[in-house]
Structures are given as C-alpha cells and as structure tokens.
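Here is how the chains run, residue by residue.
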Amino acid sequence: MKKIYSLLLLVFLVSCQEIEPRHPINKKEVSYITSSANHNKNLFIEEERLLNQVAKEDSSYIYKKAPSGYLFAYINKSSDYFKSPQKGELVSFEYSIETLQKELLYNKKELGIVNYRIDQEDLLPALREGLRIMKVNEVVVFLFPSYLCYGYQGDGHKIGINQPLRFTIERLY
C-alpha cells in the first residue's frame, strides 16, 4: 500500500512541473505573412499617391477624399431636398468603368441599369461605397483603389490585377 501512495505522490510531483510552451516549427510562414502585410501596405501607399496625383491633374473637377480611401467629384449634384439612401432602400443606377487614364473599359450600355437594395445585397465594394453618398439624379466620378474594386484577381477580362479604377455613376432613383 505504501508503494502505491509513494508512486501516486511521485506522479503528482512530476506532473506539477512548469509547462514549457512549444515554439513554432514552421518559421517560414511567419515571414510570409510579414512580407505579405508589407507588400499590401506598400501597395496601399502607392495607390493613394496615384489617386491623389490623378485628382490633382484633373482640373475639370474638385475631388474630395472619403474616409475609406477613395476620391470623388460631382458632375451633377442634387439639391439638399434629396437625402442619401438608407439601409434597405432600393436604388437604380448606371455606371461606366475606366482606367485612371480615362481609357474606357466598360460603358453604361454594356453594364446596364442596376437595381440594388442598400447594404442588403452583394455588390462590388466600390459601388456600395459610392451609392451610400449619392442622392437621386446625381452623377459622380469616383477614383477607387484596387482593394475596393477587383483587387488582386482582376475581372479576368479587361481589368488587371491590383488596378485602381475610375467609375462614373449616375443614380437614377
């Protein structure tokens, strides 16, 4: 009986040792994440610089900066009588997509009229962001960074990888 108690006491004492944390085996993954984060930061800074440069060179509009990083300018601004859309409100709009150098990629006819319920349906983040600030009958030019458009994939046709774009959106109602 004493042997059993001695054995249990020994097991108890050995199991109370301080546990050492395990170190990661694959350190390469950590460096990949770090390099990916650095790449994205640099891409963000470069696109921001590029958008500001394009806006500065475009003397026909006065661009404003939105908190989420895009720039916009009004071609046709509605009166204050109209309100910006609320969540769930149905809006109808037309838009075209161009490069920052104003080369047309997709025109309004190709893209057609789109009906969208604000913040309740899937839509390109750039369009969601733009429509939130637009009132009825407004036409706005947007300069969007790639992360709000088609990102690192492009669209597989005319829009390249990490390509910032110029959208012209007309809100119909």
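Report on the accompanying structure. (Residues numbered from 1 in each chain as written. Predicted model: local features only at pLDDT ≥ 70, side-chain atom pairs only at ≥ 80, totals over all residues. Heavy atoms only, no water.)

1. Some thoughts on the overall build of the protein
And step 1. What the protein contains, in helices and strands, is four helices and seven strands.
And step 2. In sequence order, the secondary structure elements of the protein are arranged as α-α-β-β-β-β-α-β-α-β-β.
And step 3. Scored against the burial criterion, the 173 residues of the protein give a buried share of 35%.
And step 4. Taking all contacts inside the protein whose residues are at least 6 apart in sequence as the whole, residues at least 24 apart take part in 66%.
And step 5. Carbon and sulfur atoms make up 57% of the accessible area of the protein, which totals about 11900 Å². (Helix = DSSP H or I, 4+ residues; strand = E, 2+ residues; numbered from the N terminus. Buried < 20%, exposed > 50% of the residue type's maximum accessible area, 1.4 Å probe, protein only. Contact = heavy atoms within 4.5 Å. Areas by Shrake-Rupley, 256 points an atom, 1.4 Å probe, with all protein chains shown as cover.)

2. Observations regarding the pattern of salt bridges
And step 1. Using the criterion set out here, one finds 10 salt bridges in the structure.
And step 2. The partner of D58 in a salt bridge is R166, with the nearest N and O atoms 3.4 Å apart. Within this pair, whereas D58 is found in the loop between α2 (27-57) and β1 (64-65), its partner R166 is found in strand β7 (residues 165-171), the two being separated by 108 residues in sequence.
And step 3. Classification of R166 by relative accessible area gives buried; the value is 5%. (Salt bridge = Lys/Arg side-chain N within 4 Å of Asp/Glu carboxyl O.)

3. Thoughts on unusual backbone geometry
The general pattern is negative phi for most residues beyond glycine and trans for most peptide bonds.
And step 1. The phi torsion at D119 lies on the positive side, around 60°, for a residue other than glycine.
And step 2. Within the secondary structure, D119 sits in the loop between β5 (114-117) and α4 (125-133).
And step 3. The residue N137 is not glycine, and still its phi comes out positive at about 70°.
And step 4. Relative to the assigned elements, N137 resides in the loop between α4 and β6 (139-144).

4. Regarding the pairing of β7
And step 1. The element β7 is largely enclosed, with a buried count of six among its seven residues.
And step 2. In this structure, strand β3 (residues 90-98) lies alongside β7, joined through six bridges in antiparallel fashion. Directly across from E98, in β7, lies its bridge partner R166.
And step 3. Across six bridges, the pairing between β6 and β7 is antiparallel. (Pairing = 2+ DSSP bridges.)

5. A closer look at the packing of aromatic side chains
And step 1. In this structure the tally under the stated criterion is 11 aromatic pairs.
And step 2. Seen in terms of ring centroids, F44 and Y147 are 5.9 Å apart; in terms of plane orientation they differ by 35°. Their pairing is tilted. Of the two residues, F44 is situated in helix α2 and Y147 in the loop between β6 and β7; the sequence distance between them amounts to 103 residues.
And step 3. Residue class for F44 comes out partly exposed when judged on its relative accessible area of 38%.
And step 4. Their ring planes at 85° and their centres at 6.3 Å tell us that Y61 and Y63 sit as a pair that is edge-to-face.
And step 5. Take Y63: its relative accessible area is 15%, and that puts it in the buried class.
And step 6. Ring pairing ties together the aromatic residues Y70, F72, Y74, F93, Y95, F142, F144 and F167, which thus form one cluster.
And step 7. Above the ring of Y74, the side-chain terminus of K77 is found at 4.2 Å from the ring centroid. (Phe/Tyr/Trp six-rings, centres within 6.5 Å; stacked < 30°, edge-to-face > 60°. Lys NZ or Arg CZ within 6 Å of the ring centre and 35° of its normal.)

6. A closer look at a nonpolar patch on the surface
And step 1. Side chains of F44, I45 and Y147 sit close together on the surface and give an oily, nonpolar patch of about 300 Å² of accessible area.
And step 2. Overall, Y147 belongs to the partly exposed group, its relative accessible area being 40%. (Patch = residues over 30% accessible without salt bridge, like charges linked within 9 Å, V, L, I, M, F, W, Y side chains within 5 Å.)

7. A short note on the pairing of β5
And step 1. Residues V114 and Y116 line the buried face of β5, whereas the alternating positions N115 and R117 sit on a face that is not buried.
And step 2. Here β3 pairs with β5 via four bridges, running antiparallel. Bridging across to β5, F93 finds its partner in V114.

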